[in-house]
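Chain by chain, the residues run as shown.
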Amino acid sequence: MREIYRFDHLWDGIVENGPEGLVYELPVASGHVDKIFRFAISEAAFARMKADPERRIFLQAFLHSLYQMRPVTQQVTVDHHIDLILSGDPARVEEVLNRQEALDCGAVSNMVRILTGRDPAPMRQGTWFAQGRGTARPCSSGG
């Protein structure tokens, strides 16, 4: 039997517990096309998604940025960033978020802003968590 867990908002995605195990389904907007990417997750990752909305939103913004221009597949994807962002040391998580933020010229912090209303300035300076280190790098395109 297939079970579906819904988070607070439609854009948060869902977690399905079915024949393929736990699968995080994330909606990704790309221009005029909306896509759904499916990621295999562990019980621990699912528990962390439910317990820590801030990390779940960071994960959602990161994956949205990373997968926005990729073609959709029917296969369930395995992405090591999921466990890293949900459970990793905050300094390491900020490092990964800062790298993607620089590659996509502010897209990750902008998505967090859209989802939460949070001021993106501290994130763009490298501080994602309250105790963050502030390790941002400039945008790779110079913008």
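Worth saying up front: this structure is predicted, and the values here are computed from it rather than measured. (Residues numbered from 1 in each chain as written. Predicted model: local features only at pLDDT ≥ 70, side-chain atom pairs only at ≥ 80, totals over all residues. Heavy atoms only, no water.)

Asks: What exactly am I supposed to notice about the overall build of the protein here?
Replies: Of regular secondary structure, the protein possesses 6 helices and 4 strands. Moving toward the C terminus, one meets the helices and strands of the protein in the order β-β-β-β-α-α-α-α-α-α. Taking all contacts inside the protein whose residues are at least 6 apart in sequence as the whole, residues at least 24 apart take part in 56%. Accessible area of the protein: about 7900 Å², with a carbon and sulfur share of 53%. (Helix = DSSP H or I, 4+ residues; strand = E, 2+ residues; numbered from the N terminus. Contact = heavy atoms within 4.5 Å. Areas by Shrake-Rupley, 256 points an atom, 1.4 Å probe, with all protein chains shown as cover.)

Asks: Just checking my understanding: could you explain the side chain of glutamate 25 for this structure?
Replies: As for its position among the elements, glutamate 25 is in strand β3 (residues 21-30). Looking at glutamate 25, the relative accessible area reads 16%, which means it is buried. At 3.3 Å, the side chain of glutamate 25 and the side chain of arginine 38 are in polar contact. Residues in contact with glutamate 25, not counting those within four places in the same chain, are Gly13, Ile14, Glu16, Ile36, Phe37 and Arg38. (Buried < 20%, exposed > 50% of the residue type's maximum accessible area, 1.4 Å probe, protein only. Polar contact = N/O pair within 3.5 Å; in protein donor to acceptor, adjacent residues only side chain to side chain.)

Asks: Help me understand the packing of helix α2 (residues 53-67) against helix α4 (residues 90-103), please; the structure alone is not making it clear to me.
Replies: Think of two packed helices as two axes; the pair is described by the angle between the axes and how far apart they sit. Where α2 contacts α4, the two axes come as close as 10 Å, and the packing angle between them is 30°. As summarised for this structure, α2 and α4 are arranged roughly parallel, according to the angle between their axes. Read as a crossing pair, α2 and α4 show a hand that is left-handed. Judged by residue contacts, Arg55, Phe58, Phe62, Ser65 and Leu66 of α2 engage Pro90, Val93, Val96, Leu97 and Gln100 from α4. For the contact of α2 with α4, the class distribution of residues is 7 nonpolar, 2 polar and 1 charged. (Axes fitted to C-alpha atoms, helices over the stretch in contact; angles between N-to-C directions. Parallel < 35°, antiparallel > 145°, perpendicular 65-115°, else oblique. Left-handed = near helix turned anticlockwise from the far one by under 90°. Nonpolar A, V, L, I, M, F, W, Y, C, P; charged D, E, K, R; others polar.)

Asks: It is not clear to me how the sheet that holds strand β4 (residues 33-40) should be interpreted in this structure. Could you clarify?
Replies: What holds strands together in a sheet is hydrogen bonding between their backbones, with the strands either parallel or antiparallel. With antiparallel pairing, 4 strands are arranged side by side in an open sheet as β1-β2-β3-β4. On the outer flanks of this sheet lie β1 (3-6) and β4, each paired with one strand and no other. Adjacent strand axes in the sheet meet at a mean angle of 25° when their direction is disregarded. Of the pairings in the sheet, the one linking strand β2 (residues 14-18) to β3 comprises 5 bridges and is antiparallel in character. If you follow asparagine 17 over to β3, its bridge partner there is leucine 22. (Pairing = 2+ DSSP bridges.)

Asks: How should I be thinking about the confidence of the model for the protein in this particular structure?
Replies: Low pLDDT means the predicted coordinates in that region are not meant to be read closely. Of the residues in the protein, 89% reach a pLDDT of 70 or more, and the chain-wide mean stands at 88. In this model, residues 132-143 is a region of pLDDT below 50 whose contacts with residues beyond four sequence positions or in other chains number 25 contacts. (pLDDT = per-residue confidence, 0-100.)

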